[in-house]
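What follows is the residue order along each chain.
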Amino acid sequence: QVHLVESGGGLVQTGGSLRLSCVASGDIHTIHDMGWYRQAPGKQRELVAQIGSGGNTNYADSVKGRFTISRDNAKNTAHLQMNSLKPEDTAVYYCNADIEDYTDYGIVNDWWGQGTQVTVSS
């Protein structure tokens, strides 16, 4: 009974920018870590960026210096600002959140969005 909805994907040229958004809603008590993952065809899903409840961040080496993850705890949202995009960034991007809800109080569960397509043309 928690839902994550991503938006902001699209088609851009090499060097362009996109801003992804993720909104969590439902029976939420506390959101702990939030993150963005991506999966390209024939590849495993990989972590792109992660942000803790205190604002600490972690990035994949491939996006470090180009992507910035942020969150707004009051709005239960997370964002991924993607600059200097490259063709290898092409993938479906998924929002992930570790959430403690009221029903399972004291237990943290992973929730996933449906994904948003990011395509970077050469």
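Residues numbered from 1 in each chain as written. Predicted model: local features only at pLDDT ≥ 70, side-chain atom pairs only at ≥ 80, totals over all residues. Heavy atoms only, no water.

S.K.: Please set out the pattern of salt bridges residue by residue, giving values where relevant.
M.R.: Across all of its chains, the model carries four salt bridges by this definition. In this structure, R38 and D89 form a salt bridge, with 3.0 Å as the shortest nitrogen-oxygen distance. A residue pair is termed long-range when its members are at least 10 positions apart, and R38 in strand β4 (residues 28-39) and D89 in the loop between β8 (77-82) and β9 (91-101) qualify at 51 residues. R38 sits in the buried class, given a relative accessible area of 6%. For D89, a relative accessible area of 0% gives the class buried. (Salt bridge = Lys/Arg side-chain N within 4 Å of Asp/Glu carboxyl O. Helix = DSSP H or I, 4+ residues; strand = E, 2+ residues; numbered from the N terminus. Buried < 20%, exposed > 50% of the residue type's maximum accessible area, 1.4 Å probe, protein only.)

S.K.: Any details on the packing of aromatic side chains? Residues and values, ideally.
M.R.: Following the criterion strictly, the structure yields one aromatic pair and no others. Note that R45 overlies the ring of Y94, its terminal NZ or CZ placed 3.9 Å from the centroid. Taking NZ or CZ as reference, R45 lies 4.8 Å from the ring centre of W112, over its face. (Phe/Tyr/Trp six-rings, centres within 6.5 Å; stacked < 30°, edge-to-face > 60°. Lys NZ or Arg CZ within 6 Å of the ring centre and 35° of its normal.)

S.K.: Before we move on, can you summarise the pairing of strand β10 (residues 108-112) with the specific residues and values?
M.R.: Successive side chains on a regular strand alternate, one facing one side of the sheet and the next facing the other. Bridge count between β9 and β10: five bridges; the pairing is antiparallel. Bridging across to β10, D98 finds its partner in D110. The turn linking β9 back onto β10 is made up of six residues, and G106 within it adopts a positive phi angle of 95°. (Pairing = 2+ DSSP bridges.)

S.K.: Before we move on, can you summarise the side chain of E100 with the specific residues and values?
M.R.: Structurally, the position occupied by E100 is in strand β9. Look at E100: it is buried, it has no salt bridge, and the nearest opposite charge is R71 at 11 Å. Within polar-contact distance, the side chain of E100 engages the backbone nitrogen of G106 at 2.9 Å. Non-local contacts of E100, meaning those with residues more than four positions away in its chain, are made with I28, H29, T30, H32, Y105, G106 and I107. (Lys, Arg positive; Asp, Glu negative; His and termini not counted. Polar contact = N/O pair within 3.5 Å; in protein donor to acceptor, adjacent residues only side chain to side chain. Contact = heavy atoms within 4.5 Å.)

S.K.: Could you give an account of the state of the cysteines, naming the residues involved and the relevant values?
M.R.: Considering all chains together, one arrives at one disulfide under this definition. A sulfur-sulfur distance of 2.0 Å marks the disulfide that ties C22 to C95. Handedness of the C22-C95 disulfide follows from its S-S torsion of about -80°: it is left-handed. Placement of the pair is C22 in strand β3 (residues 18-26) and C95 in strand β9, with a sequence separation of 73 residues. Take C22: its relative accessible area is 0%, and that puts it in the buried class. Looking at C95, the relative accessible area reads 1%, which means it is buried. (Disulfide = S-S within 2.5 Å.)

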